[in-house]
Structure formats: C-alpha cells, structure tokens
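Structure assessment
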Amino acid sequence: MSDFDVIVLGGGPGGYIAAERLGHAGKRVLLVEAVALGGTCLNVGCIPTKALLNAAKTYEHALHGSHLGVNTSDISVDWTQMQKWKAQTVATLVGGVGAAEKKAGVTVINGHGTFDGPGRVTVDGTQHTAEHVILATGSVPVMPPIPGAKDNPKVVDSTGMLAVEAIPARLAVIGGGVIGLEFASLFAMLGSEVTVIEMLPEIVPFMDDELASQLRKGLSDVDFKLSCKVTAIEDGTVRFDTKDGAAESVEADVVLMAVGRRPAVEGWGAETSGLEFSGKGIVVDERMRTNLPGVWAVGDVTGRSLLAHAAYRMGEVAVANILDPQAHRRGEIMRWHTIPWAVYSNPEAAGIGMTEAAARKAGHDVVTSTVPGYMSGRFVAEHGTKAPGAAKLVVDAATNQVLGIHVLGAYAAEMVWGASAALETELNVADLRQLVFPHPTNSELIREAAWAAKA
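Remember, predicted model here, so these are calculated numbers, not experimental data.

Here we come to helix H6 (residues 178-189). Spanning 12 residues, H6 covers 17 Å between terminal C-alpha atoms, matching the ideal 16 Å at 1.5 Å per step. Counting buried residues along H6, 10 of its 12 residues qualify, which places the element largely inside the surrounding structure. For H6, the complete set of buried residues consists of Gly180, Leu181, Glu182, Phe183, Ala184, Ser185, Leu186, Phe187, Ala188 and Met189. Backbone geometry just after H6 places Gly191 at a positive phi near 105 degrees.

Right under this line is the structure:
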C-alpha cells in the first residue's frame, strides 16, 4: 500500500490549493515544499508587491489630493515601515495557508523533493509513495546573458528588488511586462527617477495595443525606451541600442532585470524520470495530465500561464480529474482562453480573451468598441475626466459573441472577474447589455462598451 494517495511537489498556489482540496475530499495527501508555503506568489511575488504598491498609492493620493479638497503637509515615505507592513502581510497569509492545510489533514514536509517517477518522491533521503503525484515546482526569473549583468551588485531580479534597503534615486528596469511595470510604477510613485527599457515596440505584449498605449501614457513619471535592446551593463550604466541603431545609455543606482520568468524544470528529477518537458514547461493536456501515468502538473511549471490564479484553477482541475476520471465530461478542464490577467500599476489594467489584433489574426471579422473612463459616474467622482481609463470590447461581427474584454483604470483588476464570467459562458453583446451593473461603479464601463458596440 502506498504511503499516500497523492503527493504534491511544490507548495505554491497550484500545489497548496490542490493539496487542500484533496485533503477535504478525504485523501491522504503529502505536500512537499522546499522553501516556504505559498511559493513565489505569496512570499516574493504577487502579495508583497501589492502590499508595497498599495502603500505607494496611498502616498500618491495624499500627495495629490488638494483638488479633492484634501490638503496635507509633511507627507513622507517611511521605507522601513513599508517593508515591515509587507513582511507582516506575507507572514499572515503564509500562516493562513499552513492552517488551511492542517485543517484539511494534509501532511506538510519542508524539504527538497525529488521526483523519482510515477508514484515516487524522495524528500531529503526518504522515499514516499502514492497513487498520484502532482508536480507544482513553479518558475524562476529569467536572467539573460547580458554582458556585465552577472555578479553585478547593482543588478537585481524581482526578489532582490523587494528587499532593497532604500528607495533608489534612479531605477532602470529592463523589461516592460507586468513585473517591470509594477515595480516601475511603485518606485516612480515613491519618487525614483525610473527608466523602462523594452525590446518590443509597446509595453505588456499580450495587452490590447490601444489600451497598452494609454497605460504607458498614464505612467507619465516613467521614461520608456521602446524598441531598444540592452547591450551591456557596466556598474550602474545600462547601455542599449535604439531601433534606429543609435547607442544610448542610462545611469541607475539599481537595475531591475524583469524580462520574465521560466518554468522550473531542473533540479528535481524531471530530466531522469521520462517526463515530457522542454524549456517551455511540462507538457500537459486540458485535464493537467502529463505523459506519465498518475502524474499531473499544475501552475507555472507547465508554462501555459504563469499566473497564480491560473495555477489555482489548474490545481482544481487536476484534483477534479483525480477524484473522478469522468470529471472532464462535466467541464472540469482548463479553458486557457478564459484566464484573465491584471497589472497592478497606477493606473491598473486588466483583460481577458483576445485582443483586437489577435482576433483579426485568428480570422474573425472584428467589431470593437472603446469607451473612456469618464463614462462612469464613479470614475469621474473619484478621478475626474482626465485620468487614464477605458473599457474595450472585441466582438465577432458574424455572431456578436464577445471575444475579449479589456479595462484600464482604477479597480480594473477587481472588474475583470465579471469579464471572465462573460467569456466562460460565451455571452454575446445582447446578453452583456441585459446584465445589471451596480451604479455608480467603474464596472459600468463594460456595459457602456457593450451598448457602444455596433452589433
């Protein structure tokens, strides 16, 4: 008899949610985590950055509240206290994950786990067996081989950026994706001189071009260098070539390498187990099964969607199919096209589904509608008419089915779940127009965009 019913290797969002769900279902579960429960997201990713971003936004609002009749003086930033708040937030939530696993009856081992093949995982010299194994080893930051970057004390990844001892006077960010933008926005609000260097012609490559441009312009305190390739880093000098071939440079006290993350497929047995994988991640089907019997993979390590909420859903899909081999027949599969994304900068941005460009490339005859933020009464009451804000619908002209919903402005990340529901249930424009949105809310922008669509 196996030691456990299921062994979960990795205690990040996908791993810990799978373990908890299985435990509540009565399964004997072992959860193995090498560092800390919660993984990258909870410890050095999503949560600590949001704690710092909220503090920075509070400072920003206080600093510029006079037009609202809120006058302040002697406003300052206490970076040490901000770091304490971040640490307190992380500790509280990590403790919550541990308590949830205990309540579910999950056995948790803190140690380095090695996958030995189907049904076998060794943790610090002791092998454990199970009918199923869920691989949830996460991802690691990408560090491109830029001359001068390695072993340079001024070059940090996202983990290092969270732990800087002081707010840098000058920050250079290499990469204009989600991680780069959130840190750029954070430190620009705190007074740093921020430069973002991006190889592509626009920031956030998966974002709709129209709203990406508006987001970039909304980050007015950040200097963007687009279509530029970094060629070398010398101490704090970042050298890059522009799209015209001109050589330029920027001086920085800290250089953040934020060119993305990659699946962590090395160092835990994938290479010797017969598992099908590549540098892009472990190969899985829509039920989260790998090529090996009884072996599943969830979260960043699959390379399919490196987002914590995607990992949650992957974990739940794997659990559903472990508990019931016919679960896929009732819809317990991954629908990759309905995973929302969000950027928690100031302003925020979020979206789901196809961009206008992606829809056209896929062969759709596309109808779009974009409405500005000032179409929402709450948006105007809180931000005025000039603040960045918009909602955009991408619609199939033949069927009127909604293909994508994209939002820019305050609370965008809180609004996008409704857009997710719309795509999950395959609503068309007429359906969307019939939904009742609370008033006044920013979410009404989605309704306004539906009525503005020529469908």
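Successive residues of a regular strand alternate their side chains across the two faces of the sheet. Where strand E12 (residues 229-234) lies against strand E13 (residues 237-241), five bridges are found, and the strand directions are antiparallel. For Ala232, the partnering residue across the bridge sits in E13 and is Arg239. The loop that links E12 with its antiparallel partner E13 comprises two residues; one of these, Asp235, has a positive phi angle of about 55 degrees. Bridge analysis of E13 against strand E14 (residues 247-251) gives five bridges, and the strand direction is antiparallel. Its bridge partner being in E14, Thr237 is matched across the sheet by Glu251. Connecting E13 to the next strand, E14, in antiparallel fashion are five residues, including Gly245 with a positive phi near 90 degrees.

A few words now on a nonpolar patch on the surface. A cluster of nonpolar side chains, namely Tyr374, Met375 and Val380, defines an oily patch on the protein surface of about 270 Å² accessible area. The topology assignment puts Val380 in helix H10 (residues 377-383). Val380 sits in the partly exposed class, given a relative accessible area of 31%.

Definitions and limits used
Note that residues are indexed from 1 along each chain, following the sequence as it is written. In keeping with the model being predicted, local features are shown solely for residues with a pLDDT of at least 70 and side-chain atom pairs are shown and tallied solely at 80 or more, while totals for entire chains, interfaces and linings include all residues. As a rule here, side-chain values cover all heavy atoms of the structure and leave hydrogens and water aside. In this description a helix means any DSSP run of H or I spanning at least four residues, a strand means any run of E spanning at least two, and both kinds are numbered starting from the N terminus. Here the expected length of a helix is defined as 1.5 Å per residue gap, with one fewer gap than residues. Here the term buried applies to any residue with accessible area under 20% of the maximum for its type, exposed to any over 50%, and partly exposed to those in between, with areas from a 1.4 Å probe on protein chains only. Strands are treated as partners if at least two bridges between them are detected by DSSP. Like charges are joined within 9 Å and nonpolar side chains (Val, Leu, Ile, Met, Phe, Trp, Tyr) within 5 Å, but only among residues with over 30% relative accessible area and no salt bridge; these make up the patches. The accessible surface values rely on the Shrake-Rupley method and a 1.4 Å probe; as for residues, cover is taken only from the protein chains in view. Note on definitions: salt bridges are taken to be side-chain nitrogens of Lys or Arg within 4 Å of carboxyl oxygens of Asp or Glu.

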